[in-house]
Amino acid sequence: MINKMEAKHLDFYYKDTQALFNINLPVEKNAVTALIGPSGCGKSTFLRTLNRMNDVIEKTKVVGEVLMDNKNIYDPDVDPVELRKKVGMVFQQPNPFPISIFDNIAYGPRIHGIKNKQKLQELVESSLKSAALWDEVKDRLHDSALGLSGGQQQRLVIARVLAVEPEMILMDEPASALDPISTSKLEELVRELKNNYTIVIVTHNMQQAARISDYTSFFLNGKLIEYDQTNIIFTAPREKQTEDYITGRFG
Amino acid sequence: MNKKFVKYYEKGIKYLLALVAGTSILILFLIFIFLFKEGIGIFAKVGILNFIFGMEWLPASEPPIFGAMPMIVGSLVVTVGAGIIAIPFGIGIAMFLAEVAPRNLREILKAIIELLAGIPSVVYGFIGLIVLSPIIKDLFNLSSGLNAFTASLVLGIMALPTVVSISEDALNAVPDSYREASLALGATKWETTIRIILPSARSGLLAASMLGLGRAIGETMAVLMVAGNATIIPHSVFDPVRTITADIAAEMGETVQGGTHYQALFGLGVILFSMTFVINLITDLVFAKTSNIQRGAQL
């Protein structure tokens, strides 16, 4: 197994409050790693340490390392802006910009210097195809993205991430605002995407974690309780707390 | 409380609020009627076009000449000048406050900017007269520092708080999810601000600009003190000008109520009222249009 990323002795603080305690977690390449746990357990915070999105929040502090291809992303010579090109992110609420579908997808490539119209067009098309949205929007690429349904918006956001050609995609409860049909489309898409990308997904839907992930890690109160292959976590967890959570005794 | 009472109570409040709202509209309407009634005489005497496009304003000559063009141009020059100063600086400051400054610095700066709005206009005029105009006189080697340029500068500073605070509200109203989305795509903070935040906030920024202009065109005391007050069409920004507001304030004391000069000043009032009305109307139209665009197609 090849690790795309690995957190080592990672602590995280909001002001004086410690939110993550000594997290050690590998993220395998071209696999889906799910982060599960009750609300406030630190899974989203951990996810945001992987592309340094927490940097934009004032008065936060990271101790420890996150290695990406064996390079610590918190080293002083790492530019978080460059990092975020390689590690894309999908948020809980679909957040398309209030511009056209085309311009949404082209936004990332454009800021990274692609001006050639044909190249942009190809990128938009291939990204929308990879996100399984092309057939639904190909006739209205220049309509506002805000006119799409929630499920379409979330796939649009994924296409927008793909257009930047990242190596990893982080997803923060991407299906929590979607209806069941949109959710199953999204899950199918995630399974599809792992062939080319390394995916880390936060979810509090345990069935979803079981359905789509290869590895699952269980967080509780800012600590990583257990990490293993998904089928092991859900059938034979080592820790009592994990078992209690996945059998629905709390959460 | 019994049900019937609650019903009347609810209705009573509804009518009371409608009355309050209606009163303010009525007052506005009455002001316009009054202005027009007092000013209509001059339009009848010299003709509307002659009054508006007349190039000379000589109320004391024999016979007196009333042409409002020098004042209209004066007001426009000074207002546009103030806008050129207040709008870019105001939006720039708002961008700094909303997107760059750390929280505690932002609070301090906002308090200072709001303090600027509380300074009486006569104080601005005084500072313009005593401090600014000698500097401008020396700097540009002029015979007098009291001119359209100085007036624009003073008015620009006076309009700044309006532009800043409304622009800042507009920028803060842009959802954080846009910022996060942009940053997560590997955009820098600057790229995010320029390409996403400013376009998303643009109807609010336009409103801020228009209100700033409205503030500038209506200001009286400060311009009266620093604009130089010559009733001539200026040939450069360093010529003295007289604005509509300043003219009314300066001459109202010497008129006879109901006389021709008195009517002419009210005629100026009608023109000023129409100008601000048009500015507000444009703001509203642009506002409605851009918010449609935000819901609809493109930035």
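Please refer to the structure higher up on the page.
The notes below deal with the structure included here.

Conventions we followed
- Starting afresh in each chain, residues are numbered from 1 along the sequence in its written order.
- Here chains are named by letter from A upward and ligands by number from 1 upward, in the order in which they appear as written.
- Since the coordinates come from a predicted model, pLDDT governs what is reported: local features require at least 70, and pairs of side-chain atoms require 80 or more to be given and counted, while whole-chain, interface and lining totals use all residues.
- Just so you know, side-chain values use all the structure's heavy atoms and leave hydrogens and water out.
- A helix here means a DSSP run of H or I that spans at least four residues, while a strand means a run of E at least two residues long, and both kinds are numbered starting from the N terminus.
- A radius of gyration in this sense is built from C-alpha atoms; the matching globule rule multiplies 2.2 Å by the number of residues raised to 0.38.
- Two residues qualify as a contact provided that any one of their heavy atoms is within 4.5 Å of a heavy atom in the partner residue.
- Exposure is judged per residue with a 1.4 Å probe applied to protein chains only, and the accessible area is read against the type maximum: over 50% gives exposed, under 20% gives buried, and values in between give partly exposed.
- In short, DSSP must find at least two bridges between two strands for them to pair.
- For salt bridges, the criterion is a side-chain nitrogen of Lys or Arg within 4 Å of an Asp or Glu carboxyl oxygen.
- The term buried area refers to how much accessible surface (probe radius 1.4 Å) is lost by two components on association, counted for both of them together.
- Put simply, buried Ala, Val, Leu, Ile, Met, Phe, Trp, Tyr and Cys residues joined by side-chain atoms within 4.5 Å make one nonpolar core.
- Here the axes come from fitting lines to C-alpha atoms, over the contacting stretch only for helices, and the angles between their N-to-C directions go from 0 to 180 degrees.
- Here is the rule for angles: anything less than 35 degrees is roughly parallel, anything more than 145 is roughly antiparallel, 65 through 115 is roughly perpendicular, and the remaining ranges are oblique.
- Working rule for handedness: look at the near helix, and if it is turned counterclockwise from the far one by less than a right angle, call the crossing left-handed; if clockwise, right-handed.

Some remarks on the overall build of chain A
Then comes step 1: Across its full length, chain A holds 10 helices and 10 strands.
Then comes step 2: Computed over its C-alpha atoms, the radius of gyration of chain A comes to 18 Å, within 12% of the 18 Å expected for a compact globule of 251 residues.
Then comes step 3: Each principal axis of the C-alpha atoms in chain A carries an extent, and together these give about 55 × 45 × 35 Å.
Then comes step 4: Looking at chain A alone, contacts between residues at least 24 apart form 67% of all its contacts between residues at least 6 apart.

Regarding the overall build of chain B
Then comes step 1: From N to C terminus, chain B includes 12 helices and two strands.
Then comes step 2: Its helices and strands in sequence order give chain B the pattern α-α-β-β-α-α-α-α-α-α-α-α-α-α, from N to C terminus.
Then comes step 3: Taken over the C-alpha atoms alone, chain B extends approximately 75 × 70 × 35 Å along its principal axes.
Then comes step 4: In chain B, buried positions account for 41% of the 299 residues.

Things to note about unusual backbone geometry
As a rule of thumb, non-glycine residues mostly have phi less than zero, and peptide bonds are mostly trans rather than cis.
Then comes step 1: Of note, the bond from E62 of chain B into P63 of chain B is cis; its omega dihedral lies within 30 degrees of zero at -5°.
Then comes step 2: By secondary structure assignment, the location of P63 of chain B is in the loop between strand 1 (57-58) and strand 2 (65-66).
Then comes step 3: Backbone geometry at N30 of chain A places phi at a positive 50°, although glycine is not the residue there.
Then comes step 4: Locating N30 of chain A in the fold gives a position in the loop between strand 2 (17-28) and strand 3 (32-36).
Then comes step 5: For N30 of chain A, a relative accessible area of 36% gives the class partly exposed.
Then comes step 6: In this structure, D69 of chain A is a non-glycine residue whose phi angle is positive, near 45°.
Then comes step 7: As for its placement among the helices and strands, D69 of chain A is situated in the loop between strand 4 (60-68) and strand 5 (71-72).

A look at the pairing of strand 6 (residues 87-90) of chain A
Residue and element names in this part refer to chain A.
Then comes step 1: Side chains of strand 6 alternate between two faces, with V87 and M89 and G88 and V90 buried alike.
Then comes step 2: When strand 6 meets strand 7 (residues 168-172), the two strands line up parallel, connected through four bridges. The residue bridging V87 from the neighbouring strand is M168, located in strand 7.

Re the pattern of salt bridges
Then comes step 1: By the definition in use, this model includes 24 salt bridges over all chains.
Then comes step 2: Where D214 of chain A meets K194 of chain A, a salt bridge forms, and the shortest distance between an N and an O atom there is 3.0 Å. On the criterion of sequence distance, the pair formed by D214 of chain A in the loop between helix 8 (206-212) and strand 9 (215-220) and K194 of chain A in the loop between helix 7 (180-193) and strand 8 (198-202) is long-range, its members being 20 residues apart.
Then comes step 3: Residue classification places D214 of chain A among the partly exposed residues on the basis of a relative accessible area of 25%.
Then comes step 4: D176 of chain B is the partner of R179 of chain B in a salt bridge, and the nearest nitrogen-oxygen pair spans 2.9 Å. Here the residue R179 of chain B and the residue D176 of chain B both occupy positions in helix 7 (residues 176-184), the gap between them amounting to three residues, near one helical turn.
Then comes step 5: Overlapping salt bridges bring together K4, D69 and E167 of chain A as one network.

Digging into the interface of chain A and chain B
Then comes step 1: Listed per partner, the contact involves 29 residues of chain A and 24 residues of chain B.
Then comes step 2: Across the chain A/chain B interface, buried area totals approximately 2100 Å², and carbon plus sulfur atoms make up 61% of it.
Then comes step 3: The largest per-residue losses of area from chain A upon contact with chain B belong to P98, Y107 and I111 of chain A, which jointly make up 27% of the total buried on that side.
Then comes step 4: In this assembly, chain A and chain B are joined by one salt bridge.
Then comes step 5: Across the pair E180 of chain B and R48 of chain A runs a salt bridge, and its minimum N-O distance is 2.9 Å.

Observations concerning the nonpolar core
Within soluble globular proteins, side chains that are nonpolar generally end up buried alongside one another.
Then comes step 1: Core analysis: the largest hydrophobic core is formed by 71 residues, its most contacted members being L128, I158, I169 and L193 of chain A together with L171 of chain B.
Then comes step 2: By residue number, the principal contributor to this core is helix 6 (residues 150-163) of chain A, which donates seven residues.
Then comes step 3: Aside from chain neighbours lying at most four places away, what touches I158 of chain A is V90, A131, M171, L186, L189 and L193 of chain A.
Then comes step 4: Of all hydrophobic cores here, the second largest spans 35 residues; its members include M53, V78, F91 and V202 of chain A.

As for the packing of helix 3 (residues 69-100) of chain B against helix 4 (residues 103-118) of chain B
All names here are of chain B.
Then comes step 1: Running from N to C, helix 3 and helix 4 point in directions that differ by 150°, and their axes come no closer than 9 Å. Considered as vectors, helix 3 and helix 4 are oriented roughly antiparallel to each other. Crossing hand, helix 3 versus helix 4: left-handed. Touching I93, F96 and L97 of helix 3 are L105, R106, L109, K110 and I113, all from helix 4.

Things to note about the pairing of strand 8 of chain A
All names here are of chain A.
Then comes step 1: For strand 8, the buried fraction is high: five of the five residues fall into the buried class.
Then comes step 2: The side-chain alternation of strand 8 yields two buried faces, one formed by T198, V200 and V202 and the other by I199 and I201.
Then comes step 3: Examined bridge by bridge, strand 3 and strand 8 share four bridges and lie parallel to one another. Paired with T33 across the two strands is V200, which belongs to strand 8.

Keep in mind these numbers describe shape, not what the thing actually does.
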